[in-house]
There are 2 protein chains.
Amino acid sequence: MAQATTSRRLGAEARREQLVQAGLSLIAEVPFDQLSADDVARAVGVSKGLVFHYFPTTRDLQVAVLRATTRELLGRIDVDPSAIPAERLRLGVDAFVGFIEQRPASYLAIARSAGSDRRLGEVFEETRDGVVELVQRVLGAAELPPGLIIGLRGWIALVEESTLHWVALDRPVDRTELVTFLLDVALTMLPQASALSGPRRPRG
Amino acid sequence: MAQATTSRRLGAEARREQLVQAGLSLIAEVPFDQLSADDVARAVGVSKGLVFHYFPTTRDLQVAVLRATTRELLGRIDVDPSAIPAERLRLGVDAFVGFIEQRPASYLAIARSAGSDRRLGEVFEETRDGVVELVQRVLGAAELPPGLIIGLRGWIALVEESTLHWVALDRPVDRTELVTFLLDVALTMLPQASALSGPRRPRG
């Protein structure tokens, strides 16, 4: 009897992952910062107690879901490693825009409020760092010049904000043109950012 | 006696403004979301009770300080209305970068956590809208095309994020070059953003 129960049970890791994946689906509808253990319990068909067993606080659950969001985003924007860099970049921008437009309320909540919690803020930073590292890998660079890192971080914020505002204004421009525009901005500005010089010391 | 006391007292509006201005100075050192009535009371040399008289909660105080921050930012980036548009834009970008680098911890706290509070989030949105309106006035345009609004919002986020990351990395590129770079990005991308077309309807 004990064995039969065990076999019907998911292992702890699998159960945890199931709950996180449910949270990931839910934040397409529920703004991220309002995601609760109740929502996840209902979606999976388990007790709220079980959710709290894996995630003692709502914030623990949100941190785990945000981490999964980061993983999915980074996986999705690195669509086809065999494509040439320019094509990888286009596919990446397209996937980034798609990722945001599928859950705009949650993406907005994350971008505008992750900093109010230390752990959420850390995951948010990891996401931006992850995108920078991805570009580094695509370029096959051992290290990126500081100007390029600064430019890249700025460009990621631009993609997020432009896409969120595009959704907020009810998509008043053509999606393909938006993606091409964001891509063109990268192709123009990133080489310029790369070439920025270090601080000039006063001559003495 | 009562009269003498009254004459030494600031009027309610002036006192309120004094407290807000003290908060505005303090957030150069204290991260915005940690600003307290205690800090302001100490800086002005009044009781904490007086601060709470004007701002019943710490959040009320923070909202008022954020509103003052917005007013100062919008005033500072519109440096010289008599300059030609290109020069106004350069002065504006330089002032924007300067504004952020004088209080990076607070600017970061605002950008990353204002969304966790409805009122702070509204003031944050008003700031971005204010920058868009300023550009509209500089261009003398009655209305901006939607692509330009989307591009402008994105560019503001880029300036913020690039500058914050430049400060976080201990200013590894020359400040003048950074300002010129951010300006060049605007001059290249905003005309492109203006020209973005509306959504294409499927032919039928």
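Residues numbered from 1 in each chain as written. Chains lettered and ligands numbered in written order. Predicted model: local features only at pLDDT ≥ 70, side-chain atom pairs only at ≥ 80, totals over all residues. Heavy atoms only, no water.

Undergrad: Honestly, the overall build of chain A in this entry has me stumped. Any pointers?
TA: In terms of helices and strands, chain A carries 10 helices and 0 strands. What you see in chain A, going N to C, is helices and strands ordered as α-α-α-α-α-α-α-α-α-α. Counting only C-alpha atoms, chain A reaches 80 × 45 × 35 Å along its principal axes. A total of 204 residues make up chain A; the buried ones form 49% of that total. Working note: accessible area of chain A is about 9800 Å², and carbon and sulfur atoms make up 54% of it. (Helix = DSSP H or I, 4+ residues; strand = E, 2+ residues; numbered from the N terminus. Buried < 20%, exposed > 50% of the residue type's maximum accessible area, 1.4 Å probe, protein only. Areas by Shrake-Rupley, 256 points an atom, 1.4 Å probe, with all protein chains shown as cover.)

Undergrad: Can you walk me through the packing of aromatic side chains in this structure?
TA: Aromatic rings in a pair are described by how distant their centres are and how their planes are angled relative to each other. If you walk through the whole model with that rule in mind, you get 2 aromatic pairs over all chains. With centroids separated by 6.5 Å and ring planes inclined at 85°, the aromatic side chains of Phe99(A) and Tyr107(A) adopt a geometry described as edge-to-face. Here Arg103(B) stacks its cationic end above the ring of Phe99(B), 4.1 Å away from the centre of that ring. The cationic tip of Arg171(B) hangs over the ring face of Trp166(B); the distance from NZ or CZ to the ring centre is 5.1 Å. (Phe/Tyr/Trp six-rings, centres within 6.5 Å; stacked < 30°, edge-to-face > 60°. Lys NZ or Arg CZ within 6 Å of the ring centre and 35° of its normal.)

Undergrad: Just checking my understanding: could you explain the nonpolar core for this structure?
TA: Looking at soluble globular proteins, one finds that nonpolar side chains tend to be buried together. One finds Trp155(A) and Trp155(B) to be the most contacted residues of the largest nonpolar core, which totals 72 residues. For Trp155(B), the contacting residues outside a window of four places in its chain are Leu158(A), Val93(B), Leu182(B), Val185(B), Ala186(B) and Met189(B). (Core = buried A, V, L, I, M, F, W, Y, C linked by side-chain atoms within 4.5 Å. Contact = heavy atoms within 4.5 Å.)

Undergrad: Got a minute to help me understand the relation of the copies chain A and chain B in this structure?
TA: The operation relating the pair of chain copies consists of a rotation about an axis and a translation along that axis. Relative to chain B, chain A is turned by 180° and slid 0.0 Å along the rotation axis, the superposed coordinates differing by an RMSD of 0.0 Å. Such values leave the two copies arranged in the relation of a two-fold axis. Minimal C-alpha distance to the rotation axis in chain A is attained by Ser113(A), lying at 1.9 Å. Mapped onto chain B, 100% of the interface residues of chain A again fall at the interface, so both copies present the same surface. (Least-squares fit on C-alpha atoms with pLDDT ≥ 70 in both.)

Undergrad: What should I look at first to understand the packing of helix H5 (residues 58-77) of chain A against helix H8 (residues 118-139) of chain A in this one?
TA: Helices that pack against each other are described as a pair by the angle of their axes relative to one another and the distance between those axes. Residues and elements named next belong to chain A. At a minimum axis distance of 10 Å, the contact between H5 and H8 shows a crossing angle of 10°. Classed by the angle they form, the pair H5 and H8 counts as roughly parallel. Taking contact as the criterion, the partners of Arg 59, Asp 60, Gln 62, Val 63, Leu 66, Arg 67, Thr 70, Leu 73, Leu 74 and Ile 77 in H5 are, on H8, Arg 119, Leu 120, Val 123, Glu 126, Thr 127, Gly 130, Val 131 and Leu 134. A per-class count over the contact of H5 with H8 returns 9 nonpolar, 4 polar and 5 charged. (Axes fitted to C-alpha atoms, helices over the stretch in contact; angles between N-to-C directions. Parallel < 35°, antiparallel > 145°, perpendicular 65-115°, else oblique. Nonpolar A, V, L, I, M, F, W, Y, C, P; charged D, E, K, R; others polar.)

Undergrad: Help me understand the confidence of the model for chain A in this model?
TA: One rule of thumb: low pLDDT means the predicted coordinates there are not for detailed reading. Residues with a pLDDT of 70 or more make up 94% of chain A, whose mean pLDDT is 89. In the model, residues 1-7 of chain A has pLDDT below 50 throughout and makes 0 contacts with residues more than four positions away in sequence or in other chains. (pLDDT = per-residue confidence, 0-100.)

Undergrad: Honestly, the interface of chain A and chain B in this entry has me stumped. Any pointers?
TA: Put simply, an interface is often sized by how much accessible area is lost when its parts join up. Listed as interface residues are 43 residues of chain A and, on the opposing side, 43 residues of chain B. Both sides together, the interface formed by chain A and chain B hides about 3600 Å², and carbon and sulfur atoms give 64% of it. Counting the surface chain A buries against chain B, the share from its top three residues, Arg112(A), Ile150(A) and Phe181(A), is 19%. Counting across the interface, chain A meets chain B through 10 salt bridges. The salt bridge partner of Arg153(B) is Glu161(A), with a shortest N-O separation of 3.1 Å. Our count for the contact surface shared by chain A and chain B stands at 22 residue pairs in polar contact (both at pLDDT 80 or more). (Buried area = accessible area lost by both parts, 1.4 Å probe. Salt bridge = Lys/Arg side-chain N within 4 Å of Asp/Glu carboxyl O. Polar contact = N/O pair within 3.5 Å; in protein donor to acceptor, adjacent residues only side chain to side chain.)

Undergrad: Hey, could you run me through the side chain of Asp60(B) in this one?
TA: One can find Asp60(B) in helix H5 (residues 58-77). By relative accessible area, which is 19% here, Asp60(B) ends up buried.

Undergrad: Looking at this model, I keep getting lost on helix H3 (residues 37-44) of chain A. Mind explaining?
TA: Residue pairs spaced three or four apart in an α-helix point in one direction, given the helix's 3.6 residues per turn. Every buried residue belonging to H3(A) is among Ala37(A), Asp39(A), Val40(A) and Ala41(A), and all of these are buried. At the exit of H3(A) stands Gly45(A), carrying a positive phi of roughly 80°.

Undergrad: Would you mind going over unusual backbone geometry with me for this structure?
TA: Residues apart from glycine generally show negative phi values, whereas peptide bonds are mostly found in trans. All names here are of chain B. Of note in the backbone geometry, Asp 170 takes a positive phi value of approximately 70° without being a glycine. Relative to the elements of secondary structure, Asp 170 occurs in the loop between helix H9 (146-168) and helix H10 (175-194). On the basis of relative accessible area, Asp 170 is assigned to the exposed category, the value being 63%. Positive phi outside glycine occurs at Arg 171, with the angle close to 50°. Residue position: Arg 171 is located in the loop between H9 and H10.

Undergrad: Even after reading the chapter, I still don't get helix H9 (residues 146-168) of chain A, so can you show me in this structure?
TA: All names here are of chain A. End to end, H9 covers 33 Å across 23 residues, agreeing with the expected 33 Å (1.5 Å per residue, within 8%). H9 sits mainly inside the fold: 20 of its 23 residues count as buried. Asp 170 occupies a position one or two residues after H9 and carries a positive phi of about 70°. (Expected span 1.5 Å × (residues − 1).)

Undergrad: Any chance you could explain the environment of Ala109(B) here in plain terms?
TA: Residues and elements named next belong to chain B. When you line up the elements, Ala 109 lands in helix H7 (residues 104-113). Sequence separation between Ala 109 and Gln 34 is 75 residues, and the spatial gap between their C-alpha atoms is 9.2 Å. Excluding residues that lie within four positions of it along the chain, Ala 109 makes contacts with Phe 32, Asp 33 and Ala 114.

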